[in-house]
Amino acid sequence: MARELSAATKAIVKVTVPALAAHGTDITAAMYLLLFKNEEVRNLFNQSNQGEGGGQTRALAQAILAYAQNIDNLAVLGPAVERIAQKHVGLQILPHHYPYVADALLAAIKQVLGDAATDEVLAAWGEAYWFLADILIGREKQVYEELSSAEGGWSGWRRFRIAGKQRESDIITSFVLEPEDHEAVVRHLPGQYLTFRIAVPGRGEYRRNYSISSAPNGKTYRISVKREPLGVISNYLHDSVMEGDVLDIAPPAGDFFLKEDTTRPIVLLSGGVGLTPMISMLETMTARDGNASVYYVHGAEDGRVHAMGEHVRKLIFAHEGMRSAIFYRTPHSEDRKGVHYDQEGFVTLEWLSENTPLKEADIYLCGPKPFLAVFVNGLAKAGVPKDRIHYEFFGPADDLAA
């Protein structure tokens, strides 16, 4: 691995920043078109995030721009590099995949920038790409080794049987997963996800991430999946996968997880199916420390789509230091205030400030992008230190500030 980028490469990369700002998504869209000519590489990606205007196209363009803008101070990109490495581990991306990306990226830069992409520019970006790639490959190797050597760990894909399937709401169903070999499973960090490799008859192979919605127990995992109207895999899981069926699963991954060493209060804030990692955290906290100061705050449309409400109430009721507040945007006629939900409307920063210890707490957030855009940015503006705002969202990690 290169110790440091050359001064000449840094200078050229910085000169390309305006072009990347103007044409970044054109470059990444062209890159994916070239990259996906390779079927092995194409199958690594969630195709619903691709294409014109796709989240992954924007996310990669923003990541490349951030890399160029911070080429003199790459330490600031540490959290982003870790997030990417964890995603790669979940998807089982390996060193031999990186040259395909390098070739596609440089060809796309040439295609979009034309004569401005001189040999010197392409050489500089080639060096910059491989410098970052070597960092990622090194970190990913470390994570793979840690997962395979841990108790209950494994490498690659492992076969899991559906040991239980439970309808949680009109749109969310849970699946309990046990290894087909009946051996132990690595204890995930509460908040992490599993990656699935699923072959749908007549549709091909897909890979999807689903947050684990149970506390670590060394024996099984549980995921809770929302049915998306156009979701190939979510509909397949809801309609076609039954108890006893077997799925291929990679080890737990993800950089969003409950910190073990904090003594601060904890606020678990979620919207919609974003409750899944929060349930894992809440179950873990109730088992670990029944007197912990935990505030569980969740927003849903109404009781028909709200999942695991009774389960949360039972967990909270049994522990004196824990509180919960459920918000329904538009309660259904059968929803009873004080039983199924506590507040009507949206969760707000004002409510959180008045009812939870925001200024002292570690805050964990997960939900739809608009939900997170409000709270991640709003909490920071309200004076909550960034190192106490932890968040996860489903899909490409593009810029919430937008």
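Reading guide: rules and limits
- Residues numbered from 1 in each chain as written.
- Predicted model: local features only at pLDDT ≥ 70, side-chain atom pairs only at ≥ 80, totals over all residues.
- Heavy atoms only, no water.
- UniProt positions renumbered as here; feature names shortened; annotations may be inferred.
- Core = buried A, V, L, I, M, F, W, Y, C linked by side-chain atoms within 4.5 Å.
- Buried < 20%, exposed > 50% of the residue type's maximum accessible area, 1.4 Å probe, protein only.
- Helix = DSSP H or I, 4+ residues; strand = E, 2+ residues; numbered from the N terminus.
- Domains from an automatic or database assignment.
- Contact = heavy atoms within 4.5 Å.
- Pairing = 2+ DSSP bridges.
- Axes fitted to C-alpha atoms, helices over the stretch in contact; angles between N-to-C directions.
- Polar contact = N/O pair within 3.5 Å; in protein donor to acceptor, adjacent residues only side chain to side chain.

- Naming follows an unreviewed UniProt entry, where the chain appears as Flavohemoprotein of Rhizobium multihospitium.
- Here is the UniProt Function (unreviewed entry) comment for the chain, exactly as written: "Is involved in NO detoxification in an aerobic process, termed nitric oxide dioxygenase (NOD) reaction that utilizes O(2) and NAD(P)H to convert NO to nitrate, which protects the bacterium from various noxious nitrogen compounds. Therefore, plays a central role in the inducible response to nitrosative stress."

### Digging into the nonpolar core
Next, step 1: Among the nonpolar cores identified, the biggest contains 41 residues, and M31, L35, Y67, I109 and W125 are the most heavily contacted of them.
Next, step 2: For this core, the elements supplying multiple residues, two or more each, are α2 (17–35), α4 (55–69), α5 (78–91), α6 (98–113) and α7 (119–149).
Next, step 3: Per-element tally for this core: the top contributor is α7, with nine residues.

### Structural notes on the domain arrangement of the chain
Next, step 1: Domain parsing of the chain yields domain 1 (7–149), domain 2 (158–253) and domain 3 (266–392).
Next, step 2: Distance between the C-alpha centres of domain 1 and domain 3: 35 Å.

### Side note on the UniProt feature "binding site: heme b" (unreviewed entry) in the chain
Next, step 1: The UniProt record annotates "binding site: heme b" (unreviewed entry) at H88.
Next, step 2: By the secondary structure assignment, H88 is in helix α5.
Next, step 3: In contact with H88, other than residues within four places in its own chain, are I93, Y98, L136, E140 and Y144.

### A look at the sheet that holds strand β8 (residues 294–300)
Next, step 1: Ordered in space as β10-β9-β8-β7-β11-β12, the six strands form an open sheet in which the pairing is parallel. In the strand order of this sheet, the two ends are held by β10 (343–344) and β12 (389–392), each with one partner.
Next, step 2: By the bridge criterion, four bridges tie strand β11 (residues 362–366) to β12 in an arrangement that is parallel. Within β12, the position partnered with Y364 by the bridge is H390.
Next, step 3: Across the sheet, helix α12 (residues 369–381) is in contact with β7 (266–271), β11 and β12; its angle to β11 comes to roughly 160 degrees.

### Observations concerning unusual backbone geometry
As a rule of thumb, non-glycine residues mostly have phi less than zero, and peptide bonds are mostly trans rather than cis.
Next, step 1: Backbone geometry at Q92 places phi at a positive 65 degrees, although glycine is not the residue there.
Next, step 2: In this fold, Q92 is placed in the loop between α5 and α6.
Next, step 3: Residue Q92 is classed as buried on the basis of its relative accessible area of 10%.
Next, step 4: Non-glycine residue H182 carries a positive phi angle of around 65 degrees.
Next, step 5: With respect to the element layout, H182 can be found in the loop between β2 (172–179) and β3 (193–200).

### Some points on the environment of G271
Next, step 1: Counting through the fold element by element, G271 comes out in strand β7.
Next, step 2: Residues G271 and G367 lie 96 residues apart in sequence; the distance between their C-alpha atoms is 4.6 Å.
Next, step 3: Here G271 is in contact with H298, G299, C366, G367, P368 and F371, once residues within four sequence places are set aside.

### Points about the side chain of S214
Next, step 1: When you line up the elements, S214 lands in the loop between β4 (204–211) and β5 (221–226).
Next, step 2: Among the residues examined, S214 registers a relative accessible area of 7% and is labelled buried.

### Notes on the side chain of R207
Next, step 1: Inspection of the secondary structure assignment puts R207 in strand β4.
Next, step 2: Reaching out from R207, the side chain makes a polar contact with the backbone oxygen of L91 at a distance of 2.6 Å.
Next, step 3: Dropping the residues within four chain positions of it, R207 is found in contact with N43, L44, N46, L91, Q92, W157, F196 and R197.

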